[in-house]
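Summary of the model geometry
Each chain is listed here by its residues.
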Amino acid sequence: QISVKMTSEGDNALVKWLQSRGGSVHDDLDLFHPLPNGDRGVVATADIKEGEQLVLVPVNCTLHLPPLEDFKKSQEGCSEAIKYLLTHHPGLSPFIATVLVALSELGKGTTSQYYRYFRSLPPSCDCLMSWDDADKAELKGTSIDHGADHPKHVFEKQAQPCISQRPDLWPAPYNSLEQFLRVAGLVQSRAFHMEAENWVTGTKQESAELYLIPAIDMINHSTSHARRNTTLLKLNAPMSVEVEGQTVSFDSYFTMKAQRDIKAGEQVLHTYGELSDAQLLQTYGFVDVELKAGELPQLDNPNNCALVSWSELLSSCRVALQQAEDEEEKDPEGLEAAKRDFLVDCHLLQRAAPDRTEFVLTRAKPLSDELLTSVQVLLMLRPEFEELKAEWEEEQQQKTQAQPVGKGSKGK
């Protein structure tokens, strides 16, 4: 059991709320520090030593829906909105369900247990779903997928049928498209999809749950390993905390500790995942740009990649083949299909939908073996391809014949 000292009346209300529920925020952290780019971040106001606790948030302070199997076992701590959605609309995606629960809590106003948390959030989020058509047109030719369902259609098809049946849980204006889009943007840009680690065995378990984690969701992302100084963990471990003479207990919590010394004035940074600029922009509404005084913005994300579709690759190879001087050696349509099937058998194209295969070009390996081999096969004339295919089939047959007979099985 540990003891938590409450902040003074003049300190941040969000921190006081967390502390009252057993959470903690390091005394030398400013959660709302303004940054040069107009954003805000978590910054150390004094030197912090490696290993010191930065933030601890009990899971019961987070906004999330339990897995359906857990909900069937126990509904303790579940709001009426969660009970309604998991009982009557269990097929909703975790994302849409989380958005609707957040909307319901916002509709409670000051009576919501998350009121202090909601007050700390920005009024809006400039993520992709809030862009207009003119802005999205700037993405033409990039790898960002913006052809998904329009958010308005998602609201009308998935959200509205749920909330229209329970105006007591979603009062106006928190049943409107405008509020849905605002909260959806906040959830998309702030929610965490976590693994849980067992504190006894050390094993990790995949979780389909989304978590909105107060205070922790204010810590910004960096693609640079050198700039990161903390990591988020979810621990399934019981803990008791003394708060003003009262014992507060919980079974699991999120924690972040300093992984190295953090200097005064340094921003606390962790990772949202090894994501490219396109993934960061599509999900969170930003790209990771390092700003230095007097210098141009530095875009140096090692996770950036380019996607080359099968159709683009095929089209380029067709042009190259059409330049062959001998008319009889041009690639007929039937040979194209045979080459595609061969590449599928070689596991270079996906079997389920080979025409939708995409090759990934990374900075570390801009020309992958899969891409180069596919190009070589596509550029082969018929005699070359038929010879290659015959050799490959013979090799596969030899491998099959040479397979050892397993113990307990019968062989000839």
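Structural data are supplied above this passage.
What this report covers is the structure whose coordinates are included nearby. (Residues numbered from 1 in each chain as written. Predicted model: local features only at pLDDT ≥ 70, side-chain atom pairs only at ≥ 80, totals over all residues. Heavy atoms only, no water.)

Topic: the overall build of the protein
Stated formally: Each helix is a run of H or I in the DSSP string that is no shorter than four residues. Each strand is a run of E no shorter than two, and both are numbered from the N terminus. For the exposure calls, accessible area comes from a 1.4 Å probe over protein chains only, and a residue counts as buried if that area is under 20% of its type's maximum, exposed if over 50%, partly exposed in between. Method for areas: the Shrake-Rupley scheme with a 1.4 Å probe, in which residue coverage is limited to the protein chains shown.
Helix and strand content of the protein: 13 helices and 15 strands. Taking all 412 residues of the protein together, 40% fall into the buried category. Summed over its atoms, the accessible surface of the protein is roughly 23,700 Å², and 49% of this surface lies on carbon and sulfur atoms.

Structural notes on the nonpolar core
How we decide: For our purposes a nonpolar core is just a set of buried Ala, Val, Leu, Ile, Met, Phe, Trp, Tyr and Cys residues, chained together by side-chain atoms within 4.5 Å.
Ranked by size, the top nonpolar core spans 67 residues in total, and within it Leu29, Val55, Leu100, Trp170, Phe180 and Ile216 carry the most contacts. For this core, the element with the highest residue contribution is helix α4 (residues 94–107), accounting for eight residues. Counting 18 residues, the second largest nonpolar core, distinct from the first, contains Leu335, Leu343, Leu371 and Phe385.

Some details on unusual backbone geometry
Glycine aside, negative phi is the norm for most residues, and most peptide bonds take the trans geometry. Going from Ala172 to Pro173, the amide bond is cis rather than trans, its omega being 0 degrees. Among the structural elements, Pro173 can be located in the loop between α7 (151–163) and α8 (177–190). For Ala215, which is not a glycine, the phi torsion comes out positive at approximately 75 degrees. With respect to the helices, strands and loops of the structure, Ala215 is situated in the loop between β7 (204–211) and β8 (220–221). By relative accessible area, which is 0% here, Ala215 ends up buried.

Let's talk about the layout of surface pockets
Quick note on the threshold: Of the two site types, the cavity is a set of points on a 1 Å grid over the protein atoms alone where a 1.4 Å probe fits but cannot get out, and the pocket is an open set with protein on both sides within 12 Å along at least five of seven lines, each lined by residues with an atom within 4 Å of a point. Grid points are joined across faces, edges and corners, and a volume is the space filled by probe spheres set on the points. Gly counts as polar in this scheme, as do all residues outside two lists: the nonpolar Ala, Val, Leu, Ile, Met, Phe, Trp, Tyr, Cys and Pro, and the charged Asp, Glu, Lys and Arg.
Roughly 1,500 Å³ of internal volume is contained in the largest pocket. Taken together, 47 residues make up the lining of the largest pocket; nearest its centre are Asp39, Asn220, His221, Tyr272 and Phe286. Those elements that place two or more of their residues in the lining of the largest pocket are β4 (40–44), α8, β6 (192–198), β8, β9 (230–236), β13 (269–270) and α9 (277–284). No other element matches α8, which puts five residues into the lining of the largest pocket. The residue inventory of the lining of the largest pocket, partitioned by class, reads 21 nonpolar, 16 polar and ten charged.

Notes on the packing of aromatic side chains
Stated precisely, the cut-off is as follows: The criterion for an aromatic pair is that two Phe, Tyr or Trp rings (for Trp, the six-membered ring) have centres within 6.5 Å, with stacked assigned to planes under 30 degrees apart, edge-to-face to planes over 60 apart and tilted to the rest.
For the structure shown, the criterion picks out eleven aromatic pairs. Between Tyr114 and Phe118, the aromatic rings sit 6.2 Å apart at their centres with planes inclined by 50 degrees, giving tilted as the arrangement. On the accessibility criterion, Phe118 (12% relative accessible area) is buried. For the ring pair Tyr284 and Phe286, a centre distance of 6.2 Å and an interplane angle of 40 degrees mean the geometry is tilted. On the basis of relative accessible area, Tyr284 is assigned to the buried category, the value being 15%. Note on Phe286: relative accessible area 26%, which makes it partly exposed. Linked through ring pairs, Tyr114, Tyr117 and Phe118 together constitute an aromatic cluster.

Notes on empty space enclosed by the protein
Considering all chains together, one arrives at one cavity of 30 Å³ or more under this definition. If you add up the space inside the largest cavity, you get close to 70 Å³. Lining the largest cavity, in full, are Ala102, Leu106, Phe118, Leu121, Arg182, Val183, Leu186, Val187 and Leu212. Those elements giving two or more residues to the lining of the largest cavity turn out to be α4 and α8. Counting residues per element, the lining of the largest cavity draws most heavily on α8, at four residues. When its residues are assigned to classes, the lining of the largest cavity shows eight nonpolar, no polar and one charged.

So, the side chain of Ser79
Stated precisely, the cut-off is as follows: Any two residues having at least one pair of non-hydrogen atoms within 4.5 Å are treated as being in contact.
As for its position among the elements, Ser79 is in the loop between α2 (68–73) and α3 (80–88). Overall, Ser79 belongs to the buried group, its relative accessible area being 13%. Filtering out sequence-adjacent residues up to four positions away, Ser79 remains in contact with Glu105 and Lys108.

Considering the environment of Gln113
Let me state the cut-off plainly: In the analysis that follows, any N or O atom pair within 3.5 Å is treated as a polar contact, provided that within protein one partner can donate a hydrogen and the other can accept it, and provided that, for residues neighboring in sequence, both atoms belong to side chains.
Mapped onto the fold, Gln113 is located in the loop between α4 and α5 (115–120). Residue classification places Gln113 among the partly exposed positions, given a relative accessible area of 32%. Residues Gln113 and Cys61, 52 residues apart in the sequence, show an inter-C-alpha distance of 8.5 Å. One polar contact links Gln113 to Tyr114, side chain to side chain, over a distance of 3.3 Å.

A few points about the pairing of β4
Rule in force here: At least two bridges found by DSSP between two strands are what make those strands a pair.
The buried fraction of β4 amounts to four of the five residues, a majority that puts the element mostly inside the structure. Sheet topology note: the strand β3 (residues 29–34)/β4 ladder contains four bridges and is antiparallel. Bridge pairing links Leu29 to Ala44 in β4. In this antiparallel pair of consecutive strands, β3 and β4, the connection spans five residues, and Gly38 shows a positive phi of 90 degrees.

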